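# Coordinate inspection notes
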Amino acid sequence: VTSPSINAIRDKVRAGEPLSLEDGVALYEHPNPLEVGALANEVRERLHGDRTFFNRNLHINATNVCEASCMFCSFARLQPGDPGAYTMSLEEAWGKLRARVDAGDPITEIHIVNGLHPGLAFDYYTDLLSGLKRIQPSIHLKAFTAVEIFYFAKKFGMPIADVLARLRAAGLDSLPGGGAEIFAARVRKKICDDKCTGDEWLEVHRVAHQMGLRSNCTMLYGHIETVEERVDHMLRLRALQDETGGFQTFIPLAFHPDNNALMKLPGPTGVEDLRTYAVARLVLNNIPHIKAYWIMLGVKTAQTALWFGADDLDGTVQEEKIYHMAGAETPQAMSPAEIVRLIRNAGRSPVERDTLYNVVAEGAALATERPFRRAVRRSLEVMS
Amino acid sequence: VSASGTEAASPDAAARDALAAQDLFELGRRAAAARDARWNRRGFFARRRAGEDEAIVRFSFRNGESDADRLARLAALAETTPAPAAIMPAPEGEPHGLDTLRLFALCRLSLPAVPHLIADVTRLGPRLAQMALGFGADELYAPIVGERALRLGDNAHNPALTRKEAAVLIRGAGLTACERLAGDTYEEVTT
């Protein structure tokens, strides 16, 4: 079979036709990444012009105790009491938000992702959410990956819809996209055999979308997966999006090899990062946003990705732990002014958004320029 | 294999204005084409001994400089006789991604008599240095070592590359990986 040419793919993209598995693979294998990037940029600019989104958010990883033993994970500890294991008390977790509120930081979102803790009651999670809402009723709680939701359903003997309904009643507003990894069974068997399957991950999001919740979706790339498996992953997301329309953003996550069982793998290169963003933008024609998660990509690559299909940089991110334990060398937070500067330096127009992409501030209303903080500058100097 | 190649004329003032007005992708395409006209889609790395760096002219740059300023400085450099054998952009402070890539393209297009445009892995990091290969650079600059420990602990920021790692980065940018040898000859890396 002859692989489709870039010209044929360009014609399909311009005609609004969905790309096939063969098209996606051909884009990965095209000898000139710039041509693929330019086509993705065409789509990005058609959808969003120069606008580039970010938000003000706080990450809470309430526990890293996790029953699963995913080979790519540097964050999890198998049991309470293991070196490095922690579980926040509810007061501790709520205190993270209180500190931001007391500091006058107008965050609009809390992103909550945890390990699969075998010893925590379901009330811990509902109390966590309701307590955060008590502190700041307007805060958007984007919490619990599909892997966690599926785990709750099994552990507490409830249908997925009931789990989501109870969490929603406690304050859940949307789901993050983590835990998707690569859907292909071959890969999951090798790297994350003891968590939900790809179909189960998709089912959680299907149910959430049917209940009116929005969610994000991700793909962990650059480990043992093939290019075909990456494109297949994207196509499965696109199929669910055709069905429900509930995904807001796709976030390609670059594998970080430090401190985990896959540390002998090299991890993706910069060109591979950019190409993955570009292919995602072209294949996922029905998902509105592509996010360059700067925490994982590094600031320089994330900024460059804004010309290779990405239109979102994630947020200010306070207290990120998961990828820093895997060797991410990025700062653990950037101020809104730093993000605005980064976007403007890329020749794009920054837009502060909330989780659902309502505009919070744009143009002159945005944060003014401030010099990079010393910690950020230091990490930029050593960042790969 | 001997390293020679074709040369185009350095851009005049009007051509410099036109360059400064071009978008990222057009600049990248033109710079890559200029590199390929000389090197036929080859990308290089080299094991340098002490003192061998002296043949490299470092071109310092800061974020926020205009293309016009940079092009004027590059035009002055293009007048140097004899032309440098290699030029290596050197960031002052933290380099930004897009700004750096644009500069690489401008260097390649403004310095047609300079054979090698080098991306410094030690200053740019392997990701950005590899991306620069798509914007006119033809060589990665890093200590080349026989073996490298895992990037953990004190070794986390070690920019050294093995021969295989250098070749993987170059091939990942769509180029044929070659090691530069003494006397400006080179050999293709096949492993």
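Turning our attention to the overall build of chain A. Scanning chain A from N- to C-terminus turns up 15 helices and 11 strands. Taking as baseline every contact in chain A between residues at least 6 positions apart, the subset at least 24 positions apart corresponds to 76%.

This part covers helix 5 (residues 121-132) of chain B. Residue and element names in this part refer to chain B. Counted at 1.5 Å a residue, the expected span for helix 5 with its 12 residues is 16 Å, but the 10 Å between its end C-alpha atoms falls short. Most of helix 5 sits out of view: nine of its 12 residues are buried. Residues V121, L124, G125, R127, L128, A129, Q130, M131 and A132 constitute the buried set of helix 5.

Under the criterion given, the structure shown has 40 salt bridges over all chains. One salt bridge in this structure joins R230 of chain A and E272 of chain A, with 2.6 Å as the shortest N-O distance. Here the residue R230 of chain A occupies a position in helix 10 (residues 227-244), and E272 of chain A occupies one in helix 11 (residues 270-283), the gap between them amounting to 42 residues. Since its relative accessible area comes to 4%, R230 of chain A is described here as buried. We classify E272 of chain A as partly exposed; its relative accessible area is 24%. In this structure, R29 of chain B engages E26 of chain B in a salt bridge whose closest nitrogen and oxygen atoms are separated by 3.3 Å. Residue R29 of chain B and its partner E26 of chain B are both found in helix 2 (residues 24-39); the two are separated by three residues, about one turn of the helix. We classify R29 of chain B as partly exposed; its relative accessible area is 29%.

All names here are of chain A. The mixed open sheet is built from four strands, whose spatial order is 9-1-10-11. Lying at the two open borders of the sheet, with one neighbouring strand each, are strand 9 (312-315) and strand 11 (359-362). Ignoring strand direction, the axes of neighbouring strands in this sheet form an average angle of 25 degrees. Bridge count between strand 1 (residues 51-55) and strand 10 (residues 349-353): four bridges; the pairing is parallel. What sits directly across from F54, in strand 10, is E352. Strands strand 1, strand 9 and strand 10 of the sheet are contacted by helix 14 (residues 336-345), whose axis makes an angle of about 165 degrees with strand 1.

Turning to the sheet that holds strand 9 (residues 186-188) of chain B, a few remarks are in order. All names here are of chain B. With respect to topology, seven strands assemble into an open sheet ordered 2-3-4-5-1-8-9, the strand pairing being mixed. In this open sheet, the two edge strands, each paired with only one partner strand, are strand 2 (56-61) and strand 9. Across the sheet, the mean angle from the axis of one strand to that of its neighbour is 30 degrees, orientation sign disregarded. Bridge analysis of strand 2 against strand 3 (residues 86-91) gives six bridges, and the strand direction is parallel. Its bridge partner being in strand 3, S60 is matched across the sheet by A90. On top of the sheet, helix 4 (residues 97-110) reaches strand 2, strand 3 and strand 4 (116-120); it is set at about 165 degrees to strand 4, its chief contact. Where helix 5 meets the sheet, it contacts strand 3, strand 4 and strand 5 (139-141), and its direction lies at approximately 115 degrees from that of strand 4.

The subject of this paragraph is the nonpolar core. I110, F144, I149, L167, W201 and F250 of chain A are the most contacted members of the largest nonpolar core, which has 161 residues in total. With sequence-adjacent residues up to four places away left out, L167 of chain A is seen in contact with F122, Y125, T126, L129, F144, I149, F152 and L172 of chain A.

Along the chain, the position of D273 of chain A falls in helix 11. Polar side-chain contacts of D273 of chain A include one of 2.5 Å to the side chain of Y221 of chain A. Ignoring sequence-local partners within four residues, the contact set of D273 of chain A consists of Y221, A254, P268, L297 and T301 of chain A together with R127 of chain B.

Residues and elements named next belong to chain A. Its location among the elements puts R238 in helix 10. No salt bridge forms around the buried R238; measuring N to O, its nearest opposite-charge neighbour D242 is 5.1 Å away. Of note is the side chain of R238, whose polar atom sits 3.1 Å from the backbone oxygen of V283. With residues near it in sequence (within four places) discarded, R238 still touches P18, L19, V283, L284, N285 and N286.

All names here are of chain B. Tracing the backbone shows A46 in strand 1 (residues 42-46). What makes A46 buried here is its relative accessible area of 9%. When residues no more than four places from it in sequence are discounted, the contact partners of A46 are E139, L140, A142, I144 and R180.

About the thresholds
Each residue is numbered by its place in its chain's sequence as written, counting from 1. To label them, take the chains in the order written and letter them from A, then take the ligands in the order written and number them from 1. Local features in this predicted model are restricted to residues whose pLDDT is 70 or higher, and side-chain atom pairs enter the listing and the counts only when it is 80 or higher, whereas totals over whole chains, interfaces and linings include all residues. Side-chain numbers come from the whole structure's heavy atoms, not from hydrogens or water. Numbering of helices and strands starts at the N terminus; helices are DSSP runs of H or I of at least 4 residues and strands are runs of E of at least 2. Whether two residues touch is decided by their heavy atoms; if any such pair falls within 4.5 Å, the residues are in contact. Multiplying 1.5 Å by the residue count of a helix minus one yields the expected span of that helix. Only protein chains enter the calculation, and the probe is 1.4 Å; a residue is then buried if its accessible area is under 20% of its type maximum, exposed if over 50%, and partly exposed in between. Any carboxyl oxygen of Asp or Glu that lies within 4 Å of a side-chain nitrogen of Lys or Arg is treated as forming a salt bridge with it. Only strands joined by at least two bridges in the DSSP assignment are considered to pair. To get an axis, a line is fitted to the C-alpha atoms, and for a helix only the part in contact is used. The angle between two axes follows their N-to-C directions and goes from 0 to 180 degrees. The term nonpolar core refers to a set of buried residues drawn from Ala, Val, Leu, Ile, Met, Phe, Trp, Tyr and Cys, joined through side-chain atoms within 4.5 Å. Distance and chemistry together define a polar contact, namely a pair of N or O atoms within 3.5 Å, with one atom able to donate a hydrogen and the other to accept it when in protein, and with adjacent residues in sequence counting only for side-chain atoms on both sides. In this tally, Asp and Glu contribute negative charge and Lys and Arg positive charge; neither His nor the terminal groups of the chain are included.

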